Amino acid sequence: DQQVKQNSPSLSVQEGRISILNCDYTNSMFDYFLWYKKYPAEGPTFLISISSIKDKNEDGRFTVFLNKSAKHLSLHIVPSQPGDSAVYFCAASAIITGNQFYFGTGTSLTVIP
Amino acid sequence: ETGVTQSPTHLIKTRGQQVTLRCSSQSGHNTVSWYQQALGQGPQFIFQYYREEENGRGNFPPRFSGLQFPNYSSELNVNALELDDSALYLCASSVRGVNEKLFFGSGTQLSVL
């Protein structure tokens, strides 16, 4: 049972434009969310996080939005750069599960120069 | 600051064999989690170790076991290997607490023939 879903396996965006990556979850107990970026032959690298007490968190070119009523979060990258081309995973956890993160299946982003 | 390191990077085993994967956590981190990433999937939680004790386990059979050592490094052992165990095994270290951030190693690619 996939509790975190990324329904777009891939996304292509022109350099300089906005990239929007989406993530949906089913478990209403999830209260902490993270985004990771993964290059081939490397482990996932932490990008940005958000807790359920917020609906937005920004870090440079990266912004994560959380819509708790829709059980939906999105990662915005502005402006997109060719070095952003990677697979992006969203992950969620709940205080009651504490130590277990549930990951989506990933979205492969290609930024075209 | 030393990041998370895993060994070996690649491993080929045959069905029924046993395997041990190793992980050194990032400096200052006291918790180690192991994840399995099958092809085309997101990472799936196997278990977590804190203070040398298993501290949470995902939906994996008992033939998946682990250890954490006093220096916070860790091992993942898999007995009676099956073909479906072929995957990328990721180790992540963190500092135990609310809103943990996982820091991943590059993983061990295990192939079971």
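This write-up is about the structure you can find in this document. Only a predicted model underlies this, so the values are computations on that prediction, with no experimental measurement involved.

### So, the overall build of chain B
- Secondary structure assignment for chain B yields zero helices and 11 strands.
- Starting at the N terminus and walking to the C terminus, you meet the elements of chain B as β-β-β-β-β-β-β-β-β-β-β.
- Overall size of chain B, expressed as C-alpha extent along the three principal axes, is 40 × 25 × 25 Å.
- When contacts within chain B are restricted to residue pairs at least 6 apart in sequence, long-range pairs at least 24 apart make up 53% of them.
- About 5,500 Å² of surface is accessible on chain B, with carbon and sulfur atoms providing 48% of the total.

### Observations concerning the packing of aromatic side chains
- Summed over the entire model, instances satisfying the criterion amount to 13 aromatic pairs over all chains.
- Note on A:Phe103 and B:Phe104: the rings are 6.1 Å apart at their centroids and 75 degrees apart in plane angle, and the pair reads as edge-to-face. One end of the pair, A:Phe103, is in strand β10 (residues 102-103); the other, B:Phe104, is in strand β10 (residues 103-104), on a second chain.
- Residues B:Tyr35 and B:Phe45 carry aromatic rings whose centres are separated by 5.6 Å and whose planes lie at 65 degrees to one another, so their mutual orientation is edge-to-face. On the criterion of sequence distance, the pair formed by B:Tyr35 in strand β4 (residues 31-37) and B:Phe45 in strand β5 (residues 44-50) is long-range, its members being 10 residues apart. No difference in accessibility class separates B:Tyr35 from B:Phe45, as the two residues are buried.
- By way of ring pairs, the aromatic residues A:Tyr36, A:Phe46, A:Phe103, B:Tyr35, B:Phe45 and B:Phe104 are connected into one cluster.

### Some words on the sheet that holds strand β8 (residues 74-78) of chain B
Residue and element names in this part refer to chain B.
- Spatially, β1-β3-β8-β7 is the arrangement adopted by the four strands of the open sheet, whose pairing is antiparallel. A strand with exactly one partner marks an edge of an open sheet, and here the two such strands are β1 (5-7) and β7 (64-68). Across the sheet, the mean angle separating the axes of adjacent strands is 20 degrees when strand polarity is ignored.
- In this structure, strand β3 (residues 19-24) lies alongside β8, joined through five bridges in antiparallel fashion. Bridging from a neighbouring strand, Leu21 pairs with Leu76 of β8.

### Quick look at the nonpolar core
- Counting 24 residues, the largest nonpolar core has A:Phe33, A:Trp35, A:Leu73, A:Leu75 and A:Tyr88 as its most contacted members.
- Mapped by element, the contributors of at least two residues to this core are β3 (19-25), β4 (32-38), β5 (45-51), β7 (62-67), β8 (72-77), β9 (86-93) and β11 (107-112) of chain A.
- Take this core: its biggest share by element is four residues, from β9(A).
- Once residues within four sequence positions are removed from consideration, A:Leu73 is found in contact with A:Leu21, A:Asn22, A:Cys23, A:Tyr25, A:Phe33, A:Trp35, A:Val64, A:Phe65 and A:Leu66.
- Counting 20 residues, the second-largest nonpolar core is a separate cluster that includes B:Val4, B:Ile46, B:Leu76 and B:Leu110.

### Topic: the interface of chain B and chain A
- The partner chain A presents 18 residues to the 22 residues of chain B that form the contact.
- Here chain B and chain A share an interface that buries about 1,600 Å² over both sides, 59% of which is from carbon and sulfur atoms.
- In this structure, the connection of chain B to chain A is made through zero salt bridges.
- In this structure, the connection of chain B to chain A is made through three residue pairs in polar contact (both at pLDDT 80 or more).
- Within the residue set of the side of chain B that touches chain A, elements represented by two or more residues are β4, β5, β6 (53-57) and β9 (87-94) of chain B.
- Of the residues contributing to the side of chain B that touches chain A, the split by class is seven nonpolar, 11 polar and four charged.

### Digging into the pairing of β4(B)
Residues and elements named next belong to chain B.
- For β4, the buried fraction is high: seven of the seven residues fall into the buried class.
- Relative to β5, β4 runs antiparallel, the two sharing six bridges. When the bridges of β5 are listed, Gln36 appears paired with Gln44.
- Two successive antiparallel strands, β4 and β5, enclose a turn made up of six residues, where Gly40 displays a positive phi of approximately 80 degrees.

### Some points on the environment of A:Leu21
All names here are of chain A.
- With respect to the helices, strands and loops of the structure, Leu21 is situated in strand β3.
- A relative accessible area of 1% places Leu21 in the buried class.
- For the pair Leu21 and Ser85, spaced 64 residues apart in sequence, the C-alpha separation works out to 12 Å.
- Apart from the residues within four sequence positions on either side, Leu21 is in contact with Leu11, Trp35, Leu73, Ser74, Leu75, Ile77, Tyr88 and Thr107.

Criteria and thresholds
- Residues numbered from 1 in each chain as written.
- Chains lettered and ligands numbered in written order.
- Predicted model: local features only at pLDDT ≥ 70, side-chain atom pairs only at ≥ 80, totals over all residues.
- Heavy atoms only, no water.
- Helix = DSSP H or I, 4+ residues; strand = E, 2+ residues; numbered from the N terminus.
- Contact = heavy atoms within 4.5 Å.
- Areas by Shrake-Rupley, 256 points an atom, 1.4 Å probe, with all protein chains shown as cover.
- Phe/Tyr/Trp six-rings, centres within 6.5 Å; stacked < 30°, edge-to-face > 60°.
- Buried < 20%, exposed > 50% of the residue type's maximum accessible area, 1.4 Å probe, protein only.
- Pairing = 2+ DSSP bridges.
- Axes fitted to C-alpha atoms, helices over the stretch in contact; angles between N-to-C directions.
- Core = buried A, V, L, I, M, F, W, Y, C linked by side-chain atoms within 4.5 Å.
- Buried area = accessible area lost by both parts, 1.4 Å probe.
- Salt bridge = Lys/Arg side-chain N within 4 Å of Asp/Glu carboxyl O.
- Polar contact = N/O pair within 3.5 Å; in protein donor to acceptor, adjacent residues only side chain to side chain.
- Nonpolar A, V, L, I, M, F, W, Y, C, P; charged D, E, K, R; others polar.

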